[in-house]
Amino acid sequence: SPQAAMAAVLEGSEVHMSTEERGGSGPDPGAGVTIGATVPTGFEPTAAEEVGEKIGAEARIGKDRGRIYFRIGADKLPLVHRLRSVDNLFVVVAEYNNYQFKESKEETLLDLQKLASQLPWTIALEVWKMNNALKKKRGRRRGGNSSVLTPKGDVSKEGDTEADSPRPEDEEGRDEDGGGCAPAERDAADKPLKFRVTCNRAGDKHSFTSNDAARDFGGAVQEFFQWKADMTKFDIEVLLNIHNQELVVGIALTEESLHRRNITHFGPTTLRSTLAYGMLRLCRPQISDVIVDPMCGTGAIPVEGAIEWQQSFFIAGDNNDMAVNRTVNNTNHILKRRQEGGSSAPGLRMDTARWDLCRLPLRASSVDIIVTDMPFGKRMGSRKKNWDLYPSCLREMARVCRPATGKAVLLTQDKKCFAKALSRMGGLWRRSHTVWVNVGGLHAAVYVLKRTGWVYGAAAEDGAEGRGEGEEEELL
């Protein structure tokens, strides 16, 4: 029976169900649990590298783009929330590498209904409970129930629970501890959990839709646990991820994407903090490096860098007054949160300036790394203007960047214009590699460039023409 299967998990023994028959694997208490994470598409290897470096776990990239999986012990759960490259986290209930979907819609949905009562839920729910306790300790919870969970609504009243209504969560403060819990927590202890099922499906050989799967699987989950369905004010979110023949069932550990951790003052094209981190990690900042974002917008890249690489120095600049003000406000918000939380973390090694990105007020060969989000020509600027802007800013970047050792990591969706501009640089830049990413549904590219040993002003078509002789000699 399902109850016997759940008891078997608690005792650490094998679960007798269709998991093995269909190629799936549930959490093993002795080996920890499997954590899944969504990451910016294209940056899966970068995220896997961070997991290995900071947690010591080997991460594998999922078949569906934008996901990685890794196994941890429960004691490392706090470290998972400190990862900078992941958007959302979930604990895996069960995973099927070759799930045999039936040809007919009715049979497939019936199988999904049966699956709900056969899954090894207990370990994943315990991790969910621990995760809630962790968020409660840090004072960042919206709402939820941290009781021990068993089927058929048998809720053990261990620990406090929070009221149903969500509580505003600070967008940045995921690293600082906060205080206390709502007094109304204890009143929710006897209420059934509210839940929803979210299905993400990819593949063209399925006989059902995402809504079909979520509805039927969710109905079976509701019957099994006696939970209450609520699409908005839910305590627990069950995930059903389907990619061709791969099926992963999980429980969400984050209520909103972690990419919102730093920014409170948004602009029209604010870059996700997780994508900013991935771009910075591609250039591997070193101690004492000077890192510049000449088109900083809201400051997502330099702010993220100053938090993570505290031994480097960051300079943010933009030609728009509102963008500069947003960057300053986002920086001040982080410093204020640290002060209010009693954090001993050092201040941000970062300056902000207003400038013309084609005539930067920086000395030649004074910058180690340039990282920026270039205008796509859609929401900001225009494709026509990019044909003049891109060559000009690439030349100016080459001027201020150190020959032979300097790097640039540049994000753009206007790939044709960028390729043409790069070809006109006269050998000042060499493209190392390209990371293809999805930015708000747009197919974009992150270009990793290395500054060659060519001296600015000595190569053809590198911008020396048009300057006065005295100015050219000064640049050399």
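Residues numbered from 1 in each chain as written. Predicted model: local features only at pLDDT ≥ 70, side-chain atom pairs only at ≥ 80, totals over all residues. Heavy atoms only, no water.

- As named in an unreviewed UniProt entry, the protein chain is THUMP domain-containing protein, taken from Denticeps clupeoides.
- Taken directly from UniProt, the Subcellular location (unreviewed entry) text for the protein chain runs: "Cytoplasm".
- The protein chain has a UniProt comment under Sequence similarities (unreviewed entry) that states "Belongs to the methyltransferase superfamily." (UniProt positions renumbered as here; feature names shortened; annotations may be inferred.)

## Considerations on the overall build of the protein chain
Stage number 1. Along the protein chain, the regular secondary structure elements total 12 helices and 18 strands.
Stage number 2. Here the protein chain holds 476 residues, and the buried ones make up 54% of them.
Stage number 3. Here the analysis covers contacts within the protein chain between residues at least 6 apart in sequence; of these, 75% occur between residues at least 24 apart.
Stage number 4. Within the structure as shown, the protein chain displays about 21300 Å² of accessible surface, and the carbon and sulfur contribution to it stands at 48%. (Helix = DSSP H or I, 4+ residues; strand = E, 2+ residues; numbered from the N terminus. Buried < 20%, exposed > 50% of the residue type's maximum accessible area, 1.4 Å probe, protein only. Contact = heavy atoms within 4.5 Å. Areas by Shrake-Rupley, 256 points an atom, 1.4 Å probe, with all protein chains shown as cover.)

## Considerations on the side chain of Asp87
Stage number 1. Following the sequence through the fold, Asp87 ends up in the loop between helix H3 (77–80) and strand E5 (88–96).
Stage number 2. Of note is the side chain of Asp87, whose polar atom sits 2.7 Å from the side chain of Thr274.
Stage number 3. With residues up to four places along the chain from it excluded, the contact list for Asp87 reads Thr38, Val39, Pro40, Glu256, Ser257, Leu258, His259, Arg272 and Thr274. (Polar contact = N/O pair within 3.5 Å; in protein donor to acceptor, adjacent residues only side chain to side chain.)

## Concerning the packing of aromatic side chains
Stage number 1. As enumerated under the stated definition, the model contains 11 aromatic pairs in all.
Stage number 2. Ring geometry for Trp121 and Phe225: centres 5.4 Å apart, planes at 85°, overall edge-to-face. Taken together, the residues span a long stretch of sequence, with Trp121 in helix H5 (residues 121–137) and Phe225 in helix H6 (residues 210–225) at a distance of 104 residues.
Stage number 3. A residue is classified by how much of its surface remains accessible, and Phe225, at 0% relative accessible area, is buried.
Stage number 4. Aromatic pair Phe225 and Trp227: ring centres 4.1 Å apart, planes at 10°, arrangement stacked. Judged on exposure class, the residue Phe225 and its partner Trp227 are both buried.
Stage number 5. Counting every residue linked through ring pairs, the aromatic cluster contains Trp121, Phe195, Phe224, Phe225 and Trp227. (Phe/Tyr/Trp six-rings, centres within 6.5 Å; stacked < 30°, edge-to-face > 60°.)

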